[in-house]
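Structural overview for review
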Amino acid sequence: PSLPGHFQKVLMAITRSLLFISIVLVVISLCVLIFRDGEGILDAMTFAVVLLVASIPIAMPVVSVATMALGSRKLAEKKAIVTRLSSIEEVAGMDMLCSDKTGTLTLNKMVLQDELPIFTAGVTREDVLQYAALAAKWLEPPKDALDTLVLNAADISACNAYEQIDYVPFDPRTKRTASTLRDQAGSYFKASKGAPHVVLALAHDMNQIKDQVEEVIARLAERGVRSLAVARTRPVANVAELDNAPVWEFMGILTFLDPPRPDTAATIKKANQYGVGVKMITGDHKAIAVDMCHQLNMGDKIQGCEGLPTYDPAAGALPKTIGEEFGPMIEAADGFAQVFPEHKFLIVEALQQRGWMVGMTGDGVNDAPALKKAGVGIAVSGATDAARAASDIVLTDEGLGVLVDAIIIARRIFQRMKNYVIYRVSCTIQLLLFFFITVLCIHPDSYKGWDDDVPPSFKLPVIALVIITILNDGTIISIAYDAVRPSAGPEKWRLPQVFAIASVLGGVATISSILLLVVMLDSQAEGSAWGAMGLPEIENYSQLMMAIYLKISISDFLTVFAARTRSNFLSRAPGTLLFFAALVATVASTLIAVYWPSDGSEEGNEAMGAISGSLAFVIWIYDIVFFLLQDALKVGFIQAINSYTGINEDENKMDEDGEPPESILYFAKKMKGKIFGEGPVGRRGDSKGHFAPLDTEEDDEGRLSDGGIDERAFITGDQGSLNANPGKGGQVARMV
């Protein structure tokens, strides 16, 4: 079974905390009702169970899943398919991305160069190209970019004179392909193409040509030119002789370019601005990796595989000291060259042991362990089924631009979930503390002016708690559509702060509810504060319970508007659906309170009674006043937290012009445009609501525009193709 993700662990931590507090307070209240007040066990148990259900955030998983599901739909529109829903939260917190070079940072469209060094006497350029094609499946469609390069350059008709007996495809571990062939004379030989240092190790004269080959490779790599070595064996009479002692000849080196994508440099820059570090991981030569870093404006501190950790699976579990031993070196590096698939896994492990939330891109079968290990496994476009299965997100568009989109959307989703958690915890605190204090400390039968059958402790009927739960939890799912500003840096839960803010909000609501209850209970006495203010009459205890029900219900939903911002509630307009959901819930609660079937006079004090419209209006005003106080105290408390921690979350938000499409103000402007014939005014939009591209800025979901990329991104040779051959009129492909 798969281990629970980070978000499931957070949800469980929140739920366990609230459940523990709820059980303790409810059990104490239950004991007081039964043993002190003499209430029937069944009635007391019913109240306790319903209060416990209302207090526990049962809807939290539903709201969270709905919020992430809506976000996954937006990500799908941006060409990012989410395979594990909770990974959206991890994308929001991702602060390190380990990216493949070929095909992710580059175009994966190889351009053959004129320069082709030869190392075997009598061999021509055409011979090297032909043997490179023979080391591929030339009768089948190309499997990768290198096969495409070779088969497009070679004379395929000449290859048909040979019979391919066996073929070994490319493997990231061996880093070469190999074919066993028979020519028309009946002789057998092998052909191979792959990484130069791997193919060089096969050559019978390796010691004689090693220095020369390495000098050529280094010289090419310094100019950003990649190399593909080609070798063959001398023909023999039978296959057995070929397998026993083949004599390999190092024929030559094909040179080619794999230029960076036009948007890669801007994408990496934007990712860095969003607090996500990017490390390049490649199997290519170190000098090629350094040159690519220069083209992409990345740091050029590239670490070779010789300094990376190793691991023997037979040794058992991974050592917990990888992060301590290798972490500083890995953190300091800007990328890694000449790595094997197992190195990717260990790089991820080391970074995770150092506390990083790591994203990993990959496309091959051998990348699957690293993708599975990473906090966010990302299968790039064209990835194998194994890589897709091991990933949390599958990109269907090429490049990393879509991943930056995903980061912005994920951070919006995180903000919505975090706001909901603060709201839900504060509501739990209000319900639990209010009824705990009223059951223990407030005795309605001690107040004058009420009927003789007033209970010894205050509690609401079960139906009131059920209505509060249904209305509030049923409509709060609209927070999934709230208008939020994503953070400029990686998100973290900071649960102590979440609970502290929720405690302030819930504490103010609790105090206001207790204060109103005490004043109302005293309203029947002569010279009461209630009567002195000329407030509407409360005819019986049933109406008092209904008034308290309405106060708690309205207060609960007003709290969401304080919980969704870190500054005052007017700093950001709510989402359209959230606004109307709050309107529906509060209006429904008010109508229930005013038009309840009974006024409570004939049913005794066991049921609630309908209240007057004027009393409902007074409760609304009371709730709004305390909501403003609640919001002001929240702002002051958060400022105190910011001063203590040095982190101001509200100032760490992305700058946005205008209102997001989810905002109620955007909706109002849109409706105004439809009514009065004016176009809706969208963020960075024209009169038709289209988003105009700005230089390397994000649109409504943070997508990078192409405005910041110079159309002269690449320098072409005389024939319009990329060329790095000195003296031939071409230049190395560079980002301008």
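Residues numbered from 1 in each chain as written. Predicted model: local features only at pLDDT ≥ 70, side-chain atom pairs only at ≥ 80, totals over all residues. Heavy atoms only, no water.

1. What about the overall build of the protein chain?
Helix and strand counts for the protein chain stand at 24 helices and 14 strands. Within the protein chain, counting contacts between residues at least 6 apart in sequence, those at least 24 apart form 73% of the total. Looking at the protein chain as shown, the accessible area adds up to about 31300 Å², and 58% of this sits on carbon and sulfur atoms. (Helix = DSSP H or I, 4+ residues; strand = E, 2+ residues; numbered from the N terminus. Contact = heavy atoms within 4.5 Å. Areas by Shrake-Rupley, 256 points an atom, 1.4 Å probe, with all protein chains shown as cover.)

2. As for the packing of aromatic side chains
Summed over all chains, the structure comprises 14 aromatic pairs. On the numbers, 5.0 Å between centres and 75° between planes, the contact of Phe434 with Phe435 is edge-to-face. Note on accessibility: Phe434 and Phe435 belong to one class, buried. Seen from their ring centres, Phe458 and Tyr541 are 6.3 Å apart, and the 75° between their planes marks the pair as edge-to-face. With a gap of 83 residues between them, Phe458 in the loop between helix 17 (401–441) and helix 18 (462–475) and Tyr541 in helix 21 (residues 541–563) connect regions that are remote in the sequence. Relative accessible area serves as the criterion here: at 0%, Phe458 is assigned to the buried category. (Phe/Tyr/Trp six-rings, centres within 6.5 Å; stacked < 30°, edge-to-face > 60°. Buried < 20%, exposed > 50% of the residue type's maximum accessible area, 1.4 Å probe, protein only.)

3. Comments concerning a nonpolar patch on the surface
Taken together, Phe579, Phe580, Leu583, Val587, Leu591, Tyr595, Phe667, Met671, Ile675 and Phe676 make up a surface patch of nonpolar side chains, about 980 Å² in accessible area. Breaking the nonpolar patch down by element, the ones donating at least two residues are helix 22 (576–594) and helix 24 (664–676). Per-element tally for the nonpolar patch: the top contributor is helix 22, with five residues. For Leu591, the location among the structural elements is in helix 22. By relative accessible area, Leu591 is classed as partly exposed at 45%. (Patch = residues over 30% accessible without salt bridge, like charges linked within 9 Å, V, L, I, M, F, W, Y side chains within 5 Å. Salt bridge = Lys/Arg side-chain N within 4 Å of Asp/Glu carboxyl O.)

4. A short note on the sheet that holds strand 7 (residues 226–233)
With respect to topology, six strands assemble into an open sheet ordered 3-8-7-6-5-4, the strand pairing being antiparallel. Each edge of the open sheet carries a strand with a single partner, namely strand 3 (111–112) and strand 4 (163–168). Both strand 5 (residues 176–182) and strand 6 (residues 188–194) contribute to a ladder of seven bridges, which runs antiparallel. In the sheet register, Arg182 faces strand 6, and the bridge partner there is Tyr188. Of the strands in this sheet, strand 3, strand 4, strand 5, strand 6, strand 7 and strand 8 (248–257) are in contact with helix 5 (residues 125–134), which crosses strand 8 at around 95°. (Pairing = 2+ DSSP bridges. Axes fitted to C-alpha atoms, helices over the stretch in contact; angles between N-to-C directions.)

5. Remarks on the pattern of salt bridges
Within the structure shown, the criterion is met by 23 salt bridges. Salt bridges sharing common partners tie together Lys101, Arg226, Asp258 and Asp284.

6. Comments concerning the confidence of the model for the protein chain
In this model, the protein chain carries an average pLDDT of 83, and 87% of its residues clear a pLDDT of 70 or more. Taken as a whole, residues 680–736 scores under 50 in pLDDT and shows 136 contacts with residues more than four places along the chain or in a different chain. (pLDDT = per-residue confidence, 0-100.)

7. What to know about the pairing of strand 5
When you tally the buried positions in strand 5, you get five out of seven residues, the bulk of the element. As judged from the five bridges shared by strand 4 and strand 5, these two strands associate in the antiparallel manner. Counterpart to Gln164 in the pairing with strand 5 is Leu181. Remark: five residues form the turn of the hairpin made by strand 5 and strand 6, two consecutive strands paired antiparallel; Gly186 in that turn has positive phi of roughly 90°.

8. Observations regarding the nonpolar core
As a rule of thumb, nonpolar side chains are buried together in soluble globular proteins. Counting residues in hydrophobic clusters, the biggest one holds 126 residues, and the most contacted among them are Phe435, Phe458, Leu460, Met520, Leu544, Ile548 and Tyr549. Among the elements that take part in this core, helix 17 stands out by supplying 22 residues, more than any other. What Leu460 contacts, discounting residues up to four positions off in sequence, is Phe47, Phe435, Met545, Ile548, Tyr549 and Ile552. With 27 residues, the next largest nonpolar core counts Leu308, Phe345, Ile347 and Leu371 among its residues. (Core = buried A, V, L, I, M, F, W, Y, C linked by side-chain atoms within 4.5 Å.)

9. Here we look at the sheet that holds strand 1 (residues 80–82)
If you walk across this open sheet you meet the eight strands as 1-14-13-12-2-9-11-10, and the pairing is mixed. Looking along the sheet, the strands with just one partner apiece sit at the ends: strand 1 and strand 10 (302–304). Going across the sheet, the axis of each strand differs from the next one's by a mean of 20°, ignoring polarity. Relative to strand 14 (residues 393–395), strand 1 is paired through three bridges, and the arrangement is antiparallel. If you follow Val82 over to strand 14, its bridge partner there is Ile393.

10. Some words on the pairing of strand 2 (residues 96–100)
For strand 2, a buried count of five out of five residues is recorded, marking the element as mostly surrounded by other parts of the structure. As defined by bridge partners, strand 2 adjoins strand 12 (residues 358–362) across three bridges and the pair is classed as parallel. Along strand 12, the bridge assignment pairs Cys98 with Met360.

11. Some words on the packing of helix 2 (residues 41–55) against helix 17
Direction vectors running N to C along helix 2 and helix 17 enclose 155°, while the axes themselves pass 9 Å from each other. The angle between helix 2 and helix 17 places the two elements in the roughly antiparallel class. Contact with helix 2, carried on its side by Phe47, Leu51, Ala54 and Ser55, involves Arg424, Thr428, Leu431, Leu432 and Phe435 of helix 17 and no other residues of that element. The residue inventory of the contact of helix 2 with helix 17, partitioned by class, reads six nonpolar, two polar and one charged. (Parallel < 35°, antiparallel > 145°, perpendicular 65-115°, else oblique. Nonpolar A, V, L, I, M, F, W, Y, C, P; charged D, E, K, R; others polar.)

12. Focus: the environment of Gly335
Within the secondary structure, Gly335 is located in strand 11 (residues 335–337). Gly335 sits in the buried class, given a relative accessible area of 0%. Along the backbone, Gly335 and Gly299 are 36 residues apart, and their C-alpha atoms lie at a distance of 8.3 Å. Each residue touching Gly335, except ones within four places of it in the same chain, is listed here: Met280, Lys301, Ile302 and Gln303.

13. A few points about the environment of Gln543
Within the secondary structure, Gln543 sits in helix 21. A sequence separation of 66 residues divides Gln543 from Gly609, and the C-alpha atoms of the two residues are 4.6 Å apart.

14. Let's talk about helix 1 (residues 6–36)
Between its first and last C-alpha, helix 1 extends 45 Å over 31 residues, near the 45 Å set by a 1.5 Å rise per residue. Count one or two residues on from helix 1 and you reach Gly38, which has phi positive near 70°. (Expected span 1.5 Å × (residues − 1).)

15. Focus: the environment of Pro117
Within the secondary structure layout, Pro117 lies in the loop between strand 3 and helix 5. Remark: the alpha-carbon pair of Pro117 and Leu254, spanning 137 residues in sequence, is separated by 7.5 Å. For Pro117, the contacting residues outside a window of four places in its chain are Val216, Met251, Gly252, Ile253 and Thr255.

16. Thoughts on unusual backbone geometry
Located in the positive-phi region is Lys79, a residue other than glycine, with phi close to 75°. Assignment of secondary structure puts Lys79 in the loop between helix 3 (60–77) and strand 1. Note on Lys79: relative accessible area 43%, which makes it partly exposed. For Asn297, which is not glycine, the phi torsion reads 60° and is therefore positive.

17. Side note on the side chain of Asp95
One can find Asp95 in the loop between helix 4 (87–93) and strand 2. Among buried charged residues, Asp95 stands out as having no salt bridge; its nearest opposite-charge side chain is Lys492, 4.1 Å away. Polar contacts involving the side chain of Asp95 include one to the main-chain amide nitrogen of Met357, which spans 2.9 Å. With residues near it in sequence (within four places) discarded, Asp95 still touches Gly275, Val276, Gly277, Trp356, Met357, Pro490 and Lys492. (Lys, Arg positive; Asp, Glu negative; His and termini not counted. Polar contact = N/O pair within 3.5 Å; in protein donor to acceptor, adjacent residues only side chain to side chain.)

18. Regarding helix 14 (residues 341–353)
End to end, helix 14 covers 19 Å across 13 residues, agreeing with the expected 18 Å (1.5 Å per residue, within 8%). Of all 13 residues that make up helix 14, 10 are buried, and the element is covered over most of its length. The set of residues buried in helix 14 consists of Pro341, His343, Lys344, Phe345, Leu346, Ile347, Val348, Glu349, Ala350 and Leu351. On its buried side, helix 14 packs onto strand 2, strand 9 (277–281), helix 13 (322–332), strand 11, strand 12 and helix 15 (368–373). Just downstream of helix 14, Gly355 is the residue with a positive phi angle, here 95°.

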